[in-house]
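# Notes for the structure review
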Amino acid sequence: MTHRSTPPYWKRLPAAVALAGLMLVLLIPDTARAQGFGVYEQGSCVMGRAGAGVATTCNDASDIFFNPAALTGTNGTTISLGTTLIAAGGSFTDDITRQTTDLQNSPIPAPHLYASYGVSPDLAVGLGVFVPYGLATEWDRTFDGAFEGYDNSVESIYIQPTVSYQLTDRISVGGGPTIVIGNVELNQVADLSSVPLPGSEITFGEIGVPFHTAFADSKLEGSGATGFGGHLGVQVEATDRIRLGARFLTPVKLDYEGTATFEQIETGIPTIPPLNDILGQPVTIFPTLDALLANQFNPSNEDALFVEQDIETSLTMPAQLVLGVSVDATDRLTLMADYQWTSWSDFDEITLEFEREELTQTRQENYSNTNAVRLGAEYALTDAVTLRGGYLFNEAAAPDEVVTPLLPENDRNHVTLGVGWQTTDFLQLNAAYQYLGQNDRRGRTRGLAEGRPDTNGLYSFDAHLFGLTATLSL
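Below is a summary of the structure that appears in this document. (Residues numbered from 1 in each chain as written. Predicted model: local features only at pLDDT ≥ 70, side-chain atom pairs only at ≥ 80, totals over all residues. Heavy atoms only, no water.)

This brings us to the overall build of the chain. Helix and strand counts for the chain come out as six helices and 19 strands. Residues classed as buried in the chain amount to 54% of the 474 residues present. By element, 56% of the accessible surface of the chain is carried by carbon and sulfur atoms, the whole surface being about 18800 Å². (Helix = DSSP H or I, 4+ residues; strand = E, 2+ residues; numbered from the N terminus. Buried < 20%, exposed > 50% of the residue type's maximum accessible area, 1.4 Å probe, protein only. Areas by Shrake-Rupley, 256 points an atom, 1.4 Å probe, with all protein chains shown as cover.)

Here it is as structure tokens:
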């Protein structure tokens, strides 16, 4: 990667553009669902129980995600294919103006595909493709929070070959490697008021340019990041009615390589008189501020900063540890409880390296590890129809200072309903609905700065999730 020298004026990146590192990180994977940016709705059967399923899975191929030890005992080939549609809503209300801006997300699908084969009564193999981490947020480009990010998406696709083996009559184990492919896109607006004038400590804001004056639109795109990890599970039949389960999904490091592009936004502001003295040349050379800035977007100018260039960063998808128990309360009713720990503290800082090294930034994120509790129930109404329900509580991972339009999360309560229908010996359909209710949380739409409050408004958020999975037994 080649670096070019740059005049002193441009060695200070505008605060909004400097936050690109923060945004790229926040785009690791929650289209709006779980702790941090996790997506746990990877199968509609278990989704109907609020995700409780590590001790008693659904005996379909989604076991590959919920507990790979549970594949044993299946006969022939099983294929499970489905998706969860996530319809998120939210808003931000400004403390001073009292203006409310709504989130503009379209419904987002989170697909899953699993296939397993019972080699023998004690041995099964399988392959799963799922998306346990992802994010998508979209706000109006005129929203004050567009300086943090206004149209952003990410996906982390996990591909998992799996082997499961029955060790004893009551203990089974399973697992496999995970191959992870990550893609990300971020769009944000840059603020002119925080930019220093050429050769000066004075910023444009100090000579009269209003706070949050948009002068550049930036897009960061990274694709094809690949990482490797593993997934292990165990199930124990403690008694004829009580089962225990555990699984561990390892952290995965992703090394992103991508491109940053910039487009100038006309401010329409005439040149301000103090520039004549500060620049030490006739102000007529730059009749407007836009003319002064234009050369920094000119690709023929080898010293220009705001031109297409390479970017690199490394992100770590956190680990998941899930422990659970299930009890057959009656011949038809099963009760389940899971505890989940997620190592969000892996998400502590991020360095984003630009081809123009003056733009390189390291951001402190300081996420905390989180806990979640899932309670589920399943009732066999008939031999062909099963009813499900559940409740989930999970903590927020983000500290107050990084609650932004990218991920305005807080503690969340979820309620789920589900139904399973064995239509024939070969086809099973599972459907689920989940309501995500998030506590309101104070956050910000602007960069952190000395003397400026960490928060300037209130975020609200909720989501409706609809899951459907079809399972074929061949």
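Read on, since the account is not over.
The grouping of Asp255, Glu257, Glu308 and Asp310 at the surface amounts to a negative patch. Among the structural elements, Asp310 can be located in strand S10 (residues 309–317). (Patch = residues over 30% accessible without salt bridge, like charges linked within 9 Å, V, L, I, M, F, W, Y side chains within 5 Å. Salt bridge = Lys/Arg side-chain N within 4 Å of Asp/Glu carboxyl O. Lys, Arg positive; Asp, Glu negative; His and termini not counted. Charge placed at Lys NZ, Arg CZ, Asp CG, Glu CD.)

On to the pairing of strand S16 (residues 385–394). Going residue by residue along S16, you find Thr386, Arg388, Gly390, Leu392 and Asn394 tucked away on one face and Val385, Leu387, Gly389, Tyr391 and Phe393 left uncovered on the opposite face. Sheet topology places strand S15 (residues 370–380) next to S16; nine bridges connect them, and they run antiparallel. Along S16, the bridge assignment pairs Ala377 with Gly389. With antiparallel pairing between neighbouring strands as the criterion, S15 and S16 make up a hairpin whose turn holds four residues. As judged from the 10 bridges shared by S16 and strand S17 (residues 412–422), these two strands associate in the antiparallel manner. Bridge pairing links Asn394 to Arg412 in S17. (Pairing = 2+ DSSP bridges.)

A word on the layout of surface pockets. Of the voids in this model, the largest pocket is the one considered here, and its volume is about 890 Å³. Forming the walls of the largest pocket are 42 residues, and the residues nearest its centre are Thr56, Thr57, Cys58, Asn59 and Glu378. When contributions to the lining of the largest pocket are tallied by element, the ones reaching two or more residues are strand S6 (171–191), strand S7 (214–237), S15, S16, S17, strand S18 (427–443) and strand S19 (457–473). (1 Å grid on protein atoms, 1.4 Å probe; cavity = no way out; pocket = protein on both sides within 12 Å on 5 of 7 lines; lining within 4 Å. Points joined across faces, edges and corners; volume = space filled by probe spheres on them.)

A word on the pattern of salt bridges. What the rule picks out here adds up to 11 salt bridges. Close ionic contact of Arg49 with Glu378 constitutes a salt bridge, the shortest N to O distance being 3.0 Å. On the criterion of sequence distance, the pair formed by Arg49 in the loop between helix H3 (44–47) and helix H4 (63–66) and Glu378 in strand S15 is long-range, its members being 329 residues apart. We classify Arg49 as buried; its relative accessible area is 0%. With its nearest N and O atoms 2.7 Å apart, the salt bridge here joins Glu378 to Arg388. One end of the pair, Glu378, is in strand S15; the other, Arg388, is in strand S16, and 10 residues separate them in sequence.

Now for a nonpolar patch on the surface. A contiguous nonpolar surface patch, about 440 Å² in accessible area, is contributed by Ile79, Leu81, Leu113, Leu472 and Leu474. One can find Leu113 in strand S3 (residues 108–120). For Leu113, a relative accessible area of 39% corresponds to the partly exposed category.

This part takes up the environment of Ser106. As for its position among the elements, Ser106 is in the loop between strand S2 (100–102) and S3. Given a relative accessible area of 48%, Ser106 falls into the partly exposed group.

Turning our attention to unusual backbone geometry. Not every positive phi belongs to a glycine, and Ala50 is a case in point at roughly 65°. Tracing the chain through its elements places Ala50 in the loop between H3 and H4. Residue classification places Ala50 among the buried residues on the basis of a relative accessible area of 3%. A positive phi angle, close to 55°, is found at Asn59, a residue other than glycine. Note on placement: Asn59 falls in the loop between H3 and H4. Asn59 sits in the exposed class, given a relative accessible area of 62%.

In terms of nonpolar packing, the biggest core is built from 35 residues, with Tyr158, Leu254, Tyr256, Met317 and Tyr367 touching the most fellow members. When contributions to this core are tallied by element, the ones reaching two or more residues are H3, H4, strand S4 (123–138), strand S5 (151–166), S6, strand S9 (252–264) and S10. With four residues, S4 is the single largest residue contributor to this core. Within the second largest apolar cluster, 24 residues are counted, among which are Leu289, Leu305, Leu352 and Leu406. (Core = buried A, V, L, I, M, F, W, Y, C linked by side-chain atoms within 4.5 Å.)

All we've got here are geometric facts, nothing functional implied.
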